[in-house]
Amino acid sequence: MTFEVAILGRGFAGLSAAWEALKAIPPEKIIIFGRVGVGIRASEVAQGILSNKGLKIAQAPLFQAKLDSLDRVDNWVRQIESLSGRRINRAFLGVYEPFLDEIDYKKVVSRVYKERYYGIYGSNLVKANLPYFRNINYMRYPLDGWIDARELIVTLENHLKSSGCKFVDQDVTEMNFESNLFNLSGTLDSRVQSKRLIVACGAKNSCVLRKLSVEIPKTKTVSGHVLSFGIKGPISQPVAMVKNTNSLIIRKGEALLGSTSWKEQTINQDLHDLEKKSLLTSLENDFSFDIRAALNPKALWGHRELSKDRLPYWGALPHSTIRNLFTIGGLYKSGLQISSLLAEACVADMLGKRVDSLASHFHVSRWY
Ligand SMILES: Cc1cc2nc3c(=O)[nH]c(=O)nc-3n(C[C@H](O)[C@H](O)[C@H](O)COP(=O)(O)OP(=O)(O)OC[C@H]3O[C@@H](n4cnc5c(N)ncnc54)[C@H](O)[C@@H]3O)c2cc1C
């Protein structure tokens, strides 16, 4: 069977693209590839922080996209909820950033504008009395929020499946482009032809595109990890924290520590005890989190993940001789926030429609 569009990747980027495609293409003409399993994609370990954190003065497109993101994500999630009939747990309650002393505070407020304090968008200083956190100062970003990322991804997938989109539970291993068609196959028996292709494979984008002899220059992969552990005691509402490249979610029975700056490692594997220890120390130092009071030591695990290209991009590849080849990637830390923006632009472009002016800043052609 020949599909109208094949999407490689079932993280936020791929699923958002399928969601957009479904508005214009019959579901039975849409096929989505990607292995199933927790920890094999960045979207499965994302903690769900939606962060607009930044300075009012900064009008950079990425920052603007982030500012717009809460409304956008909220609308998008509402649509998914109304079509799927399922509620996705979320709490737009504000995100906290701790600081220990004046020097640390200056770093917090001057990250973008070097030592000069301009005031942070929608932020305020609080002395939060949060469970398990020592009573120090926090910058609170009341417009930032949190969403259960895993629930979002499962609900979105289920909706796409029940609408009739076809899913293949494996990665594409072979592909070529012949007579205006993409021929795709995976490790099992899944030979598929498609008129259009969207590559949304996160960190794997570059190597997947290379199979078609296409390169995206200037992208760089970084890796991330997440450490989850059981905590004791009542947490009535989730608390979202950020500090540098680390983030921490505290919710009922579980704390999730995530980091998106694990530079040395390139393979997916479980964390060693030493790494867990150093992560827990960073938890204590960065977040002033009282581990001893909170931790249920038996419930500790962690996984490291090769992930993400550096800056967002979408679109048809400018110098490719292959027509109808599109990509979305580089979502880095903002995957949840801007995947729907990029996917909307990418699918609009694919269908020959006008593209949102904000999204156009992230067109892949800027790398060439
Ligand atoms: C620890 C951590 C915490 C994070 N926390 C947050 C957060 O709180 N908020 C936020 O906004 N962002 C967060 N992020 C970032 C966010 O997770 C990513 O930006 C986003 O998930 C990237 O989505 P993606 O769809 O591009 O890639 P991925 O989610 O990595 O998906 C890639 C997909 O491609 C598939 N694939 C790979 N190769 C092939 C192939 N050959 N054929 C077919 N399919 C293939 C994979 O199976 C997978 O389905 C976090 C990231 C990490 C690592």
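Right above here is the structure, for reference.
We now turn to the structure provided with this report. Source: prediction; values computed, not measured. (Residues numbered from 1 in each chain as written. Predicted model: local features only at pLDDT ≥ 70, side-chain atom pairs only at ≥ 80, totals over all residues.)

### What about unusual backbone geometry?
Here's step 1: Phi is positive for Ser179, close to 45°, though the residue is something other than glycine.
Here's step 2: Considering the arrangement of structural elements, one finds Ser179 in the loop between β10 (172-178) and β11 (181-186).
Here's step 3: With phi around 60°, Ser213 is a residue other than glycine that occupies positive phi space.
Here's step 4: Turning to its location among the elements, Ser213 is positioned in the loop between α6 (205-210) and β13 (221-231).
Here's step 5: According to the C-beta neighbour criterion, Ser213 is exposed, with 11 such atoms within 10 Å. (Helix = DSSP H or I, 4+ residues; strand = E, 2+ residues; numbered from the N terminus. Buried ≥ 20, exposed ≤ 12 C-beta atoms within 10 Å, placed from the backbone.)

### Re the pairing of β10
Here's step 1: Sheet topology places β10 next to β11; six bridges connect them, and they run antiparallel. Along β11, the bridge assignment pairs Met175 with Leu184.
Here's step 2: A loop of two residues connects β10 with β11, the two strands running antiparallel in sequence, and Ser179 in this loop sits at a positive phi of about 45°. (Pairing = 2+ DSSP bridges.)

### Considerations on the site of the ligand
Here's step 1: Around the ligand sit 43 residues, and of these Gly9, Gly11, Gly202, Gly224 and Gly335 come closest.
Here's step 2: At the level of elements, α1 (12-21), α2 (42-45), β13, β16 (254-262), β18 (295-309) and α9 (335-350) are the ones that each hand at least two residues to the shell around the ligand.
Here's step 3: Looking at the shell around the ligand residue by residue, the classes come out as 17 nonpolar, 18 polar and eight charged.
Here's step 4: Domain assignment of the residues forming the shell around the ligand places at least three in each of domain 1 (2-49 + 151-219 + 310-367) and domain 2 (95-142 + 221-308). (Near = placed C-beta within 6 Å. Nonpolar A, V, L, I, M, F, W, Y, C, P; charged D, E, K, R; others polar. Domains from an automatic or database assignment.)

### Things to note about the pairing of strand β7 (residues 137-141)
Put simply, side chains in a regular strand alternate between the two faces of the sheet.
Here's step 1: Relative to β7, strand β5 (residues 95-99) is paired through five bridges, and the arrangement is antiparallel. Looking at the pairing, Pro98 lines up with Tyr138 of β7.
Here's step 2: Relative to β7, strand β6 (residues 124-127) runs antiparallel, the two being bridged by four bridges. Across the sheet, Val126 pairs through a bridge with Tyr138, a residue of β7.

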